[in-house]
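Chains, contacts and geometry: an overview
Residues per chain are reported as follows:
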Amino acid sequence: MEIINREWCEQHGMEKPYANVARDTSYCLIKDGYYIVIYTESTTGEKKLFAQNRIIKKSIEMEMPKYDFKLDKQNNFTTDDLHRMCEMVNLDYPF
């Protein structure tokens, strides 16, 4: 299980789209000309992870707050989260 962050996205061949958004940084995995996985990190610390199977028109998005006050720790997505999301939309895990 690895933490998904900007460095992980770059190491796994995800691309930054050419959108000019000052608050968010996104990394996208493109297959056959379509986004299938998108990771977004806000300057305020919130994170989003999106997976889409365009063929069967299913998608899922998870949002993560910056900090979990109950557990007193930073929140992060992991590769296990992405595996489960891909399974839910019948998408082969692309990494």
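Residues numbered from 1 in each chain as written. Predicted model: local features only at pLDDT ≥ 70, side-chain atom pairs only at ≥ 80, totals over all residues. Heavy atoms only, no water.

1. Description of the packing of aromatic side chains
In this description, a pair of aromatic rings is defined by centroid distance and the angle of the planes. Inspection of the entire model under this criterion finds two aromatic pairs. Between the aromatic rings of Trp8 and Phe95, the centroid separation amounts to 4.8 Å while the plane-to-plane angle is 70°, which identifies the pairing as edge-to-face. Of the two residues, Trp8 is situated in helix H1 (residues 6-11) and Phe95 in the segment after helix H2 (79-88); the sequence distance between them amounts to 87 residues. Its relative accessible area of 4% is what places Trp8 among the buried residues. What makes Phe95 partly exposed here is its relative accessible area of 28%. Between the aromatic rings of Tyr93 and Phe95, the centroid separation amounts to 5.8 Å while the plane-to-plane angle is 70°, which identifies the pairing as edge-to-face. For Tyr93, a relative accessible area of 24% gives the class partly exposed. Aromatic rings pair up to connect Trp8, Tyr93 and Phe95 into one cluster. (Phe/Tyr/Trp six-rings, centres within 6.5 Å; stacked < 30°, edge-to-face > 60°. Helix = DSSP H or I, 4+ residues; strand = E, 2+ residues; numbered from the N terminus. Buried < 20%, exposed > 50% of the residue type's maximum accessible area, 1.4 Å probe, protein only.)

2. As for the pairing of strand S2 (residues 24-31)
Two elements, S2 and strand S3 (residues 34-42), share eight bridges in a ladder whose sense is antiparallel. Residue Cys28 lies in a different strand from S3, and its bridge partner there is Ile38. Hairpin connection, S2 to S3: the antiparallel pair is bridged by two residues, and Asp32 has positive phi, about 55°. (Pairing = 2+ DSSP bridges.)

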